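Per-entry structural report
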Amino acid sequence: MTFEKDINIDATELRLGLPGTSEESERQASTTLRISNKRALPSVADEKQCDQETAPPTKAQVVGWPPIRSYRKNNLQTKKTEVETSGMYVKVSMDGAPYLRKVDLKIYKGYPEVLKALEDMFKFKVGKYSEREGYNGSEFVPTYEDKDGDWMLVGDVPWEMFVNSCKRLRIMKGSEARGLGCVV
Amino acid sequence: MFWGSRKTIDMNYFPDEVLEHVFDFITSHKDRNSVSLVCKSWYKIEKYSRQRVFLGNCYSISPERLIARFPGLKSLTLKGKPHFADFNLVPDDWGGFLYPWIKAMAKSRIGLEELRLKRMVVSDESLELLSESFPNFKSLVLVSCEGFTTDGLAAIAANCRFLRELDLQENEVEDHRGHWLSCFPESCTSLVSLNFACLKGEINLASLERLVARSPNLKSLRLNRAVPFDTLQRLLIRAPQLVDLGTGSYVHDPSSEAYNKLKAAIQNCNSIRSLSGFLEVAPCCMSAIYPICENLTFLNLSYAAGLQSNELTKLIHHCRKLQRLWILDCIGDKGLGVVASTCKELQELRVFPSDPFDAGNAAVTEEGLVLISAGCPKLNSLLYFCQQMTNAALITVAKNCTNFIRFRLCILDPIKPDPVTNQPLDEGFGAIVRSCKGLKRLSLSGLLTDQVFYYIGMYAKKLEMLSIAFAGNSDKGMLYVLNGCKKLRKLEIRDCPFGDTALLEDMGKYETMRSLWMSTCEVTLGACKVLAKKMPSLNVEIINGSEQTEFNLDDRQKVDKMYLYRTLVGHRKDAPEFVWLL
């Protein structure tokens with residue numbers, strides 16, 4: 001039990017109980033969950049002490065626990081996010097921009113609004129949209145990734161369908177954009 | 001008399017064909033292995049007549065040696081990555097590649113007909129080569145594999161003219177949405193089993209309907225999410241002979257014509273014994289399946305997150321013949337009570353967490369398990385994710401159900417003690433191993449000391465696989481297990497205070513086992529080196545965390561992950577940079 005003889009590092013020691021819980025359970029807890037800079041800090045028990053209203057700041061989890069196959073985890077989690085109604089934030093990237101942004105699709109009523117918001121955010125202008133030719137007149141083309149993982153042109157499907165199937169947005173620029181019907 | 005005055009019949013005077021015919025009746029791998037050890041001529045006959053081979057660890061032997069040993073190979077089962085790879089503890093590219101096996105078998109013109117893989121990396125290239133190299137190929141089963149796309153499936157569909165079975169279970173497949181299903185030629189009418197539930201993309205529905213229509217032997221059909229309700233109805237009309245059905249999307253307006261049609265179609269399917277899917281589900285549609293519930297022996301609702309406890313219990317009420325049930329914990333303790341009073345034939349129960357990362361919300365506790373144990377005396381296999389467990393409950397379960405072969409308990413908070421007594425769960429698990437003399441597989445969780453391992457070593461004499469996490473106090477724990485469990489084959493340990501003394505005490509033990517996994521324990525690099533040096537029949541692999549760019553050469557350093565396994569062929573040649581072969 002070498003780790004029990006470790007130097008006393010109470011200030012940073014990982015504990016599972018509330019401050020003031022019994023020595024015994026603390027010792028038992030500290031024998032099995034140790035600090036390691038290699039792993040995310042387990043905080044499963046900590047969360048239970050949290051007031052339900054105040055969300056835990058970072059929900060760090062023990063890697064590989066609970067022992068469920070990734071496939072199963074991914075399939076269950078998708079269900080959960082489908083049910084969330086508190087905003088529909090999707091990431092927006094623009095070719096050449098150093099970092100991504102996020103927009104809440106739920107606050108827009110239609111394509112013109114969201115395109116205007118994106119234009120303001122990234123300081124660019126989209127071309128004129130036509131069903132036949134896509135966006136004409138600009139080297140920037142707005143695209144999105146749908147539920148199937150395909151990259152689609154923004155504007156082709158009805159707005160509601162777009163909001164429900166859009167996973168992320170990407171403003172394509174330049175020659176790559178041409179493939180999607182940008183005629184420059 | 002032909003044998004004159006001989007008093008005993010000498011088996012060696014039997015012609016080989018007779019012996020071979022006798023050996024045909026011996027099907028278990030263990031028994032066939034024993035047969036081959038009897039004498040040289042039996043070895044030879046068994047060798048040439050062996051058709052089915054199971055390799056629990058693909059690195060225990062090389063493809064070339066396997067083919068030389070069993071040239072008549074027709075059916076191969078391979079397992080690749082260690083079990084903990086399922087839980088993200090093994091980095092990508094660790095290994096377990098299928099391609100070298102296909103290449104070697106193709107080159108030696110092996111008449112491969114069946115391939116079953118688990119946790120292997122399967123490339124499209126290997127699937128293509130497979131489909132082109134084995135004209136009699138009949139059955140492909142992939143479980144928890146990765147590395148392929150629907151293009152690989154297209155090759156299988158297009159080229160395997162006598163394909164009977166394509167069974168994809170919980171694989172990560174890159175979906176190119178190509179028309180792989182349309183690649184089954186019109187001449188393909190041999191399908192018996194088709195399971196593509198894990199595919200995420202769209203399916204050509206018309207092709208699917210035509211395929212099912214021309215497959216009169218189709219017994220098992222599991223659809224993915226992209227197959228809608230009305231297609232399901234049309235498929236059922238074409239395949240009333242189905243024994244195993246997995247629905248795709250099960251959402252519709254119950255007052256619609258399509259719904260009534262489905263009800264009628266299902267009632268015609270009176271061979272269905274196994275039901276799964278409901279990946280998207282509208283609770284109001286469940287009554288359509290009540291007519292087939294009374295004959296079900298297997299029900300898997302573990303992905304049906306749309307069903308709440310009351311809907312689940314309404315359904316269970318109809319399932320009196322159920323033998324295996326996989327369900328989400330939203331069924332609750334009360335719901336499990338309904339299972340206990342309805343499903344008297346239950347042998348296997350798996351309760352999965354519907355909210356894995358929010359331990360406070362887990363809806364089942366020890367109460368549900370106790371109810372099940374009281375109502376289902378035939379229970380022999382359990383996987384139970386729960387909020388909490390008590391020693392008293394486990395002791396009761398042990399009394400009620402003595403037939404457990406597999407007992408896997410996962411308390412979502414991994415070191416939670418008995419909430420009533422605040423004690424570790426040593427006594428509870430001790431009761432289980434004492435009572436269930438046939439126990440082969442055990443997974444532990446909750447607060448546990450060395451004492452539980454004392455019990456396991458003392459009583460779990462038939463134990464073959466043990467999974468331990470966040471348990472024990474000292475090396476003694478691990479030693480109890482290694483010394484006591486004579487039949488142990490697989491031991492996997494994470495985050496336990498077991499170190500060098502335990503690891504090195506009985507190195508010969510590992511030659512009697514398939515593998516040992518230890519991660520985030522107290523084992524040092526030096527000890528692993530000693531083990532590797534003393535035991536050339538073992539491969540000792542160290543997997544380093546991604547933060548380390550160079551292997552720290554200090555022998556006192558604790559290793560992050562160690563995986564050792566017995567092998568006949570020494571170090572593998574395909575290990576990536578982050579795996580150090582000692």
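Right, let's walk through the structure included here. (Residues numbered from 1 in each chain as written. Chains lettered and ligands numbered in written order. Predicted model: local features only at pLDDT ≥ 70, side-chain atom pairs only at ≥ 80, totals over all residues. Heavy atoms only, no water.)

If you tally the helices and strands in chain A, you get six helices and seven strands. Listing every helix and strand of chain A by position from the N terminus yields α-α-α-β-β-α-β-β-β-β-α-β-α. Taken over 184 residues, chain A has a buried fraction of 39%. In chain A, the proportion of contacts linking residues at least 24 apart, taken out of those at least 6 apart, comes to 45%. Total accessible area on chain A stands at roughly 11300 Å², and carbon and sulfur atoms take up 54% of it. (Helix = DSSP H or I, 4+ residues; strand = E, 2+ residues; numbered from the N terminus. Buried < 20%, exposed > 50% of the residue type's maximum accessible area, 1.4 Å probe, protein only. Contact = heavy atoms within 4.5 Å. Areas by Shrake-Rupley, 256 points an atom, 1.4 Å probe, with all protein chains shown as cover.)

Let's shift gears to the packing of helix 5 (residues 99-107) of chain B against helix 6 (residues 124-133) of chain B. Residue and element names in this part refer to chain B. Helix 6 packs onto helix 5 with a crossing angle of 20° between their chain directions and a minimal axis gap of 9 Å. Judged by the angle between their axes, helix 5 and helix 6 are roughly parallel. Crossing geometry of helix 5 relative to helix 6 is assigned as left-handed. Together, Tyr99, Ile102, Lys103 and Ala106 of helix 5 and Glu125, Ser126, Leu129, Leu130 and Ser133 of helix 6 make up the contact between the two elements. A breakdown of the residues in the contact of helix 5 with helix 6 according to their chemical character gives five nonpolar, two polar and two charged. (Axes fitted to C-alpha atoms, helices over the stretch in contact; angles between N-to-C directions. Parallel < 35°, antiparallel > 145°, perpendicular 65-115°, else oblique. Left-handed = near helix turned anticlockwise from the far one by under 90°. Nonpolar A, V, L, I, M, F, W, Y, C, P; charged D, E, K, R; others polar.)

Moving on, we get to the pattern of salt bridges. Pairs can form between side chains of opposite charge once their charged atoms are near each other. Throughout the structure, instances matching the rule amount to 30 salt bridges over all chains. Between Asp95(A) and Arg170(A) there is a salt bridge, with its nearest N and O atoms 3.0 Å apart. In this pair, Asp95(A) is assigned in the loop between strand 1 (89-94) and strand 2 (101-104) and Arg170(A) in strand 7 (residues 168-173), connecting sequence segments 75 residues apart. By relative accessible area, Asp95(A) is classed as partly exposed at 21%. Beyond isolated ion pairs, a larger network of salt bridges with shared partners links Arg69(A), Arg72(A), Asp86(B), Arg119(B) and Glu170(B). (Salt bridge = Lys/Arg side-chain N within 4 Å of Asp/Glu carboxyl O.)

Together, Lys30(B), Arg406(B), Lys440(B), Lys462(B) and Lys487(B) line one region of the surface with positive charge. With respect to the secondary-structure elements, Lys30(B) resides in helix 2 (residues 29-35). (Patch = residues over 30% accessible without salt bridge, like charges linked within 9 Å, V, L, I, M, F, W, Y side chains within 5 Å. Lys, Arg positive; Asp, Glu negative; His and termini not counted. Charge placed at Lys NZ, Arg CZ, Asp CG, Glu CD.)

Attention now moves to the environment of Ile203(B). Residue and element names in this part refer to chain B. Relative to the helices and strands, Ile203 resides in the loop between strand 8 (193-195) and helix 8 (205-213). Here Ile203 falls in the buried class, since its relative accessible area comes to 9%. C-alpha separation for the pair Ile203 and Val227, spaced 24 residues apart in sequence, amounts to 7.1 Å. Among residues more than four places away in sequence, those in contact with Ile203 are Trp180, Leu181, Phe196, Leu208, Asn224 and Ala226.

The next subject is the packing of helix 6 of chain B against helix 7 (residues 150-159) of chain B. Two packed helices can be described by the angle between their axes and the distance between those axes. Residues and elements named next belong to chain B. Look at helix 6 against helix 7: their axes get within 8 Å of each other, and the N-to-C directions meet at 5°. Compared by their axis directions, helix 6 and helix 7 come out roughly parallel. Between helix 6 and helix 7, the contacting residues are Asp124, Leu127, Glu128, Leu130, Ser131 and Glu132 on the first element and Asp151, Gly152, Leu153, Ala155, Ile156 and Asn159 on the second. For the contact of helix 6 with helix 7, the class distribution of residues is five nonpolar, three polar and four charged.

The next point concerns the packing of aromatic side chains. Think of a pair of aromatic rings as described by two things: how far the centres are apart, and how the planes are tilted against each other in angle. In this structure the tally under the stated criterion is 29 aromatic pairs over all chains. With 5.3 Å between their ring centres and 40° between their planes, Trp159(A) and Phe162(A) make a pair best called tilted. Of this pair, Trp159(A) and Phe162(A) both sit in helix 5 (residues 159-165), three residues apart, roughly one helical turn. Exposure class is identical for Trp159(A) and Phe162(A). Each is buried. Plain terms: the ring middles of Phe84(B) and Trp517(B) are 6.0 Å apart, the flat faces sit at 80° to each other, and that makes the pair edge-to-face. One end of the pair, Phe84(B), is in the loop between strand 2 (75-79) and helix 5; the other, Trp517(B), is in strand 22 (residues 515-519), with 433 residues separating them in the sequence. What makes Phe84(B) buried here is its relative accessible area of 6%. With relative accessibility at 2%, the residue Trp517(B) sits in the buried group. In textbook terms, an aromatic cluster arises when at least three aromatic residues are bridged by ring pairs, as seen for Tyr59(B), Phe84(B), Phe87(B), Trp94(B), Trp517(B), Tyr563(B) and Tyr565(B). (Phe/Tyr/Trp six-rings, centres within 6.5 Å; stacked < 30°, edge-to-face > 60°.)

Membership of the largest hydrophobic core comes to 203 residues, with the highest contact counts inside it found for Tyr250(B), Phe407(B), Ile456(B) and Leu516(B). Apart from the residues lying within four places of it in its own chain, the contact partners of Ile456(B) are Val433(B), Leu442(B), Leu444(B), Leu463(B), Leu466(B), Val481(B) and Cys485(B). Ranked by size, the runner-up nonpolar core spans 27 residues in total, among them Val114(A), Leu118(A), Tyr144(A) and Cys166(A). (Core = buried A, V, L, I, M, F, W, Y, C linked by side-chain atoms within 4.5 Å.)

Bringing the side chain of Ser256(B) into the picture now. Residue and element names in this part refer to chain B. By the secondary structure assignment, Ser256 is in the loop between strand 11 (249-250) and helix 10 (257-267). Ser256 sits in the buried class, given a relative accessible area of 15%. Looking at Ser256, its side chain comes within polar contact range of the side chain of His252, at 3.1 Å. (Polar contact = N/O pair within 3.5 Å; in protein donor to acceptor, adjacent residues only side chain to side chain.)

Before going further, it helps to examine a nonpolar patch on the surface. On the surface, a nonpolar cluster with roughly 260 Å² of combined accessible area is contributed by Tyr454(B), Met458(B) and Tyr459(B). As for its placement among the helices and strands, Tyr459(B) is situated in helix 17 (residues 450-459).

What follows is about a negative patch on the surface. Residue and element names in this part refer to chain B. Together, Glu125, Glu128, Glu132, Asp151 and Glu174 make up a region of like negative charge exposed at the surface. For the negative patch, the leading source of residues is helix 6, giving three residues. The topology assignment puts Glu125 in helix 6.

Right, let's get into helix 5 of chain B. All names here are of chain B. Buried within helix 5 we find Trp101, Ile102, Ala104 and Met105. Buried residues along helix 5 cover an arc of 165° about the axis, so they all sit on one side. Turning to helix 5, the residues buried within the fold contact strand 1 (52-55), helix 4 (63-69), strand 2, strand 3 (114-118) and helix 6. Arg109, located one to two residues past helix 5, shows a positive phi value of around 55°. (Arc of directions from axis to C-beta.)

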